[in-house]
Amino acid sequence: MYAAQGIDYSKPNVQHSTPQFDKITIDLDRIDRIEKKIAYYESFNVLWDKWQKKMTPRETDVFHKRYMQDKAVVDISVELQVSNVRIYGLIGQLEAKYEEFTKENSQYL
């Protein structure tokens, strides 16, 4: 059970002071904001899972190295032992898939 202290009416009012706030209302507002943030991040988790299902294993490797680790195309091609042209092709495929993905999931973005 969750409880917060309410307004103390036994204290005399002080002239020109700020009004006392209802602590329960403040706490409920804070809880509401936290729950909205959680829902926001959960929706991004759903989108992330959908996006990962769209990519092939090779595209996933390139995506993680290029966009999450911020590696250069040259470094990616050395690590994956493919040509720079192939990496640029995979990045192009990812961009085309992402454009299609954003159209399909525009209500979440």
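This section reports on the structure supplied with the text. (Residues numbered from 1 in each chain as written. Predicted model: local features only at pLDDT ≥ 70, side-chain atom pairs only at ≥ 80, totals over all residues. Heavy atoms only, no water.)

### Side note on the packing of helix H2 (residues 57-68) against helix H4 (residues 84-104)
Running from amino to carboxyl end, H2 crosses H4 at an angle of 95 degrees, the nearest separation of the two axes being 10 Å. On the basis of the axis angle, H2 is roughly perpendicular to H4. Counted together, Arg58, Glu59, Val62, Phe63, Arg66 and Tyr67 of H2 and Ile87, Leu90, Ile91, Gln93, Leu94, Glu95 and Lys97 of H4 form the full contact between these two elements. Along the lines of polarity and charge, the residues of the contact of H2 with H4 split into 7 nonpolar, 1 polar and 5 charged. (Axes fitted to C-alpha atoms, helices over the stretch in contact; angles between N-to-C directions. Helix = DSSP H or I, 4+ residues; strand = E, 2+ residues; numbered from the N terminus. Parallel < 35°, antiparallel > 145°, perpendicular 65-115°, else oblique. Contact = heavy atoms within 4.5 Å. Nonpolar A, V, L, I, M, F, W, Y, C, P; charged D, E, K, R; others polar.)

### What to know about the packing of aromatic side chains
Per the counting criterion, the structure on display carries 8 aromatic pairs. Geometrically, the ring pair formed by tryptophan 48 and phenylalanine 63 is tilted, given 5.9 Å between the ring centres and 40 degrees between the ring planes. Here the residue tryptophan 48 occupies a position in helix H1 (residues 23-54), and phenylalanine 63 occupies one in helix H2, the gap between them amounting to 15 residues. Aromatic side chains tryptophan 51 and phenylalanine 63 sit 6.0 Å apart centroid to centroid with 65 degrees between the ring planes, which places their arrangement in the edge-to-face category. Linking tryptophan 51 in helix H1 with phenylalanine 63 in helix H2, this pair joins segments that are 12 residues apart in sequence. Each member of the pair, tryptophan 51 as well as phenylalanine 63, is classed as buried. (Phe/Tyr/Trp six-rings, centres within 6.5 Å; stacked < 30°, edge-to-face > 60°. Buried < 20%, exposed > 50% of the residue type's maximum accessible area, 1.4 Å probe, protein only.)

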